[in-house]
Amino acid sequence: MINYKEKLHAIRAFVFDFDGVMTDGSVWMYADRETVRCGNIKDGYALQYAVKHGYVVAVISGATSLSIDNRMASLGVTQCYTGCANKMKTYREFLDKNGLTEEQVLYMGDDIPDYEVMTHCGVAACPADAATEIKEISDYISHYAGGRGCVRDVVEQTLRLQGKWFTAEAFNW
């Protein structure tokens, strides 16, 4: 079996589930049916950094919320697929749209709806608090929980390995 760090060399795109990966999975529900989620600012920094350095970044989530769309847009993530009943179908469309192969994608998920996609990507990653079934198929299990830095962890590792993290060119956007 190939070490996940070897697979990181081929990564050109990051795809993330939202709840449980970019958040700790908590959802605050208000009487007006609006929901509020809490994310990690360092995860956000890593996402916008990856976008600015030419990586394709996307979210594929079963949840539907304007707050998800707004957060991703503020980071420059334009491919935000929410309300996905069939993540695999959406993932295939994402690959086709961007001219990517499975091997070029790092997918991070945390629960059963992510399982199928995670068996069809270059690097399958998950937060420390992911479901057991997801941990069993992951190439990499972050030391960080969902919403607590796991996104930054995988993005930073990939960009460091590819020589694109915190370089002199990084500040010449």
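Because the structure is a prediction, the values reported are computed rather than measured. (Residues numbered from 1 in each chain as written. Predicted model: local features only at pLDDT ≥ 70, side-chain atom pairs only at ≥ 80, totals over all residues. Heavy atoms only, no water.)

K.L.:
Would you mind showing me how to read the overall build of the protein here?
P.N.:
Check the secondary structure of the protein and you find 7 helices and 8 strands. Against the 2.2 N^0.38 benchmark of 16 Å for 173 residues, the protein shows a C-alpha radius of gyration of 15 Å, consistent with a compact globule. Oriented by its inertia axes, the alpha-carbon framework of the protein measures out at about 50 × 40 × 30 Å. Sorting the 173 residues of the protein into buried and exposed places 49% on the buried side. Relative to all contacts within the protein whose residues are 6 or more apart in sequence, the contacts with residues 24 or more apart total 55%. On the protein, roughly 8,700 Å² of surface is accessible, and the fraction owed to carbon and sulfur atoms is 53%. (Helix = DSSP H or I, 4+ residues; strand = E, 2+ residues; numbered from the N terminus. Rg over C-alpha atoms; globule rule 2.2 N^0.38 Å. Buried < 20%, exposed > 50% of the residue type's maximum accessible area, 1.4 Å probe, protein only. Contact = heavy atoms within 4.5 Å. Areas by Shrake-Rupley, 256 points an atom, 1.4 Å probe, with all protein chains shown as cover.)

K.L.:
Which parts of the structure should I look at to understand the nonpolar core?
P.N.:
One broad trend across soluble globular proteins is that nonpolar side chains are buried collectively. The biggest cluster of nonpolar side chains holds 32 residues, and the ones touching the most others in it are Phe14, Phe16, Met72, Leu106, Met108, Val151 and Val155. At the level of secondary structure, the elements contributing two or more residues to this core comprise strand E1 (13-16), helix H2 (41-52), strand E4 (56-60), helix H3 (66-74), strand E6 (105-108), strand E7 (123-126) and helix H7 (150-161). By residue number, the principal contributor to this core is H7, which donates 5 residues. By size, the runner-up hydrophobic cluster in this structure holds 21 residues, among which are Cys84, Met88, Leu95 and Cys126. (Core = buried A, V, L, I, M, F, W, Y, C linked by side-chain atoms within 4.5 Å.)

K.L.:
Can you help me understand the packing of aromatic side chains in this one?
P.N.:
Aromatic ring pairs are defined here through the distance separating the ring centres and the angle between the ring planes. The final tally for this structure, using the stated rule, is 7 aromatic pairs. Geometrically, the ring pair formed by tyrosine 45 and tryptophan 165 is edge-to-face, given 6.4 Å between the ring centres and 90 degrees between the ring planes. Here the residue tyrosine 45 occupies a position in helix H2, and tryptophan 165 occupies one in the segment after H7, the gap between them amounting to 120 residues. A relative accessible area of 9% means that tryptophan 165 is categorised as buried. Every member of this aromatic cluster is reached through a ring pair, and the members are Phe14, Phe16 and Tyr55. (Phe/Tyr/Trp six-rings, centres within 6.5 Å; stacked < 30°, edge-to-face > 60°.)

K.L.:
How should the sheet that holds E7 be read in this particular structure?
P.N.:
Backbone hydrogen bonds hold the strands of a sheet together, and the pairing may be parallel or antiparallel. Read across the sheet, 6 strands follow the order E5-E4-E1-E6-E7-E8 without closing on themselves; strand pairing throughout is parallel. Of all the strands in the sheet, the pair left with one neighbour each is strand E5 (79-81) and strand E8 (140-141). Here E4 pairs with E5 via 3 bridges, running parallel. If you follow isoleucine 60 over to E5, its bridge partner there is tyrosine 81. (Pairing = 2+ DSSP bridges.)

So far we have only geometry, and geometry alone does not tell us how the molecule works.
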